[in-house]
Amino acid sequence: MEIINRIQLLEKFLSFMKKEGLDMFVVSATDEYLSEYNRLEANSRYLLTGFSGSTGDAVVTHERVFLFVDGRYHLQADMEVNHDYVEVVKVGMDKSPQTAMFEKLAELSGEGAKIGIVSSKMSCSAYKELMQKLGGACSNTDEVRTVVEYEHDPLLVMAGIEQGVQTQSNIREVPLNIAGKTTKEKLNEVNAFCAENGIDMLLITSLPEIAWLTNLRGEEIAYSSCYKAKAAVFREQLHVFRDENEFEKFICETENVLNVYYYPASTTLATLRKLERQFKNIIELKESPIARMKAIKTPEELEHYREIFLKTDIVVHRTFTWLNQSLEHGLKVSEKAFSDKVKMLFAEEGATGLSFEPIAASGKNTAVIHYTTPDENQLIEAGELVLLDCGGYFEGGYATDQTRTFLAGSSGVQDWQKKVYTAVLKGFLRGLNFEITENTTGFDIDAAVREVLNANKPEGFEFSHSTGHGVGIMVHETPPRISSSEASKAPLKPGMVFSIEPGLYNEKLGGER
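Below, the structure is looked at part by part. Source: prediction; values computed, not measured.

### Here's the deal with the overall build of the protein chain
Check the secondary structure of the protein chain and you find 16 helices and 23 strands. For the protein chain, the C-alpha atoms occupy an extent of roughly 70 × 55 × 40 Å along the three principal directions. Burial status across the protein chain gives 56% buried among its 513 residues. For the protein chain, long-range pairs separated by at least 24 residues make up 68% of all intrachain contacts whose partners lie at least 6 apart in sequence. Carbon and sulfur atoms make up 49% of the accessible area of the protein chain, which totals about 22,800 Å². Between the centroid of the 54 positive side chains of the protein chain and the centroid of its 75 negative side chains there is a distance of 1 Å.

Structure below.
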């Protein structure tokens, strides 16, 4: 990646805002498919701030840039941004970074303020929350507050990057002995839902849902087995569009549509605007029916998961065995070499790709919860904590995610390391052995784990992230949710796959997860 002059880019962007009469602008980390992992060279938030985390957006004002991050990224954001012009807003467990950002926009925007957004990178549900926080601001009008929509990201234009370039990869089919259901069987379930709810056309914009429904996988998105597409189920037929122009043509040419249903959390505002130009009866779904179907794995999917998690376990075991043997022989191993070894071993075990950049940290860096910039000059020392959080994709295109903390070498363990490890282990076992009934929720498991950690954690250590998350075609799948959020209060169902990965962290000593 070319060296970025962020001060110069900010100056150009502020000039653009002044010309457009904008007081603030929301800069997003995602792409036009609302992907969690967007390649950095096309990540507007990264280009402007230098923060490389997977999530977290920014607000640009004429005086300051505000970056909003959750507990996983508090330390990392501080380490990566230029504090001369970027203020890191560290959001706690009580709200999402998105909510905190919209509240900040409401706080900063006075009468007559104009706020710019990129409609192709903001979900409809996010836009709805923004408007609620602003107290009913009007889009493209001259009333109290104005939200101005840009379909194409002006910051990417200034950086010389073309938005929406359709990079297509070869698509492969998931074998039936892994998927467990054919596309026709899955489509029958979707059609039954549509019939029960009077849905004429169901729009599908979530890439994992399209990948699941079609039993197809691709390799064109970073840390994903999805492929770029939009889809629609219209009168029992599944239409999949790899080209945006073909999707727009379908929307424009389809006639006599009684209604169109869409899920606002996975549909961009730009897509909704296109629907509004063509159809009159457009209705929000409260939850995605396909996400719920996808979350409950078939017996074949679960068996495949057992196989690929075993392979991931083998990668972790081989990596730490190699590290300890290297240290015993007096060899020097850097964090970067450790991370590279993880990637090499995933390839040896048959992985087709990584489900996220390995988190390979040693010493104090283990306190950086999503530490994805291993240092080639940071040597791993015997007696230090080493944290490895890694995962991969294999034949079926399902993600794995496994976290382990080890002591490097055979040196003696420090008392604080034992205490923290024991506290985390107790919390992990509480979650792993939680008695699940038909009414158990992810909220219940998170609360039980958090209670154990809070009762046993040494002074100065904090548990500042969710206990776990769903795992599926993407490494972070919802449902289910295993956290303290309201969204986690939905009952867990047999066949759901999720992680239990509590942790405790102290920026002066390190962390264990």
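Past the structure itself, the notes keep going.
### Focus on the sheet that holds strand E12 (residues 237-241)
An order of E12-E11-E9-E13-E14 is seen for the five strands of this open sheet, with the pairing classed as mixed. Looking at strand neighbours, the two that pair on one side only are E12 and strand E14 (282-284), the edges of this open sheet. Adjacent strand axes in the sheet meet at a mean angle of 25 degrees when their direction is disregarded. Sheet contacts for helix H11 (residues 269-278): strand E9 (201-204), strand E11 (230-234), strand E13 (260-262) and E14; angle to E14, the most-contacted strand, approximately 145 degrees.

### Considerations on the environment of Asn170
Following the sequence through the fold, Asn170 ends up in the loop between helix H6 (154-158) and strand E8 (172-173). Classification of Asn170 by relative accessible area gives exposed; the value is 73%. In this structure, the C-alpha to C-alpha distance between Asn170 and Phe234, residues 64 residues apart in sequence, is 26 Å.

### Brief notes about the pattern of salt bridges
Counted by the stated rule, this structure contains 32 salt bridges. Glu189 is the salt-bridge partner of Lys181, the closest N and O atoms lying 2.6 Å from each other. Of the residues examined, Lys181 reaches a relative accessible area of 27% and is grouped as partly exposed. Between Arg292 and Glu287 there is a salt bridge whose closest N-O contact spans 3.1 Å. Residues joined in a network through salt bridges with shared partners are Glu151, Lys230, Glu244, Glu248 and Lys274.

### Looking at the packing of aromatic side chains
Per the counting criterion, the structure on display carries 15 aromatic pairs. Relative to Phe247, the ring of Phe241 lies with its centre 5.8 Å away and its plane at 65 degrees, an arrangement referred to as edge-to-face. One aromatic cluster is present, formed by Phe13, Phe16, Phe25 and Tyr150 through successive ring pairs. Its guanidinium or amino end placed over the ring of Tyr398, Arg217 lies 5.0 Å from that ring's centre, counting from NZ or CZ. Geometry around Phe443 places Lys489 over its ring, the cationic atom sitting 4.7 Å from the centre.

### Notes on the packing of helix H15 (residues 415-432) against helix H16 (residues 442-456)
Packing of H15 against H16 brings their axes to within 8 Å, and their N-to-C directions diverge by 160 degrees. Looking at the two axes, H15 sits roughly antiparallel to H16. Read as a crossing pair, H15 and H16 show a hand that is right-handed. Here H15 contributes Ala423, Val424, Lys426, Gly427, Arg430 and Gly431 to the contact with H16, which in turn contributes Ile445, Ala448, Val449, Val452, Leu453 and Asn456. Residues that form the contact of H15 with H16 fall into these classes: seven nonpolar, three polar and two charged.

How each quantity is defined
- Residues numbered from 1 in each chain as written.
- Predicted model: local features only at pLDDT ≥ 70, side-chain atom pairs only at ≥ 80, totals over all residues.
- Heavy atoms only, no water.
- Helix = DSSP H or I, 4+ residues; strand = E, 2+ residues; numbered from the N terminus.
- Buried < 20%, exposed > 50% of the residue type's maximum accessible area, 1.4 Å probe, protein only.
- Contact = heavy atoms within 4.5 Å.
- Areas by Shrake-Rupley, 256 points an atom, 1.4 Å probe, with all protein chains shown as cover.
- Lys, Arg positive; Asp, Glu negative; His and termini not counted.
- Charge placed at Lys NZ, Arg CZ, Asp CG, Glu CD.
- Pairing = 2+ DSSP bridges.
- Axes fitted to C-alpha atoms, helices over the stretch in contact; angles between N-to-C directions.
- Salt bridge = Lys/Arg side-chain N within 4 Å of Asp/Glu carboxyl O.
- Phe/Tyr/Trp six-rings, centres within 6.5 Å; stacked < 30°, edge-to-face > 60°.
- Lys NZ or Arg CZ within 6 Å of the ring centre and 35° of its normal.
- Parallel < 35°, antiparallel > 145°, perpendicular 65-115°, else oblique.
- Left-handed = near helix turned anticlockwise from the far one by under 90°.
- Nonpolar A, V, L, I, M, F, W, Y, C, P; charged D, E, K, R; others polar.

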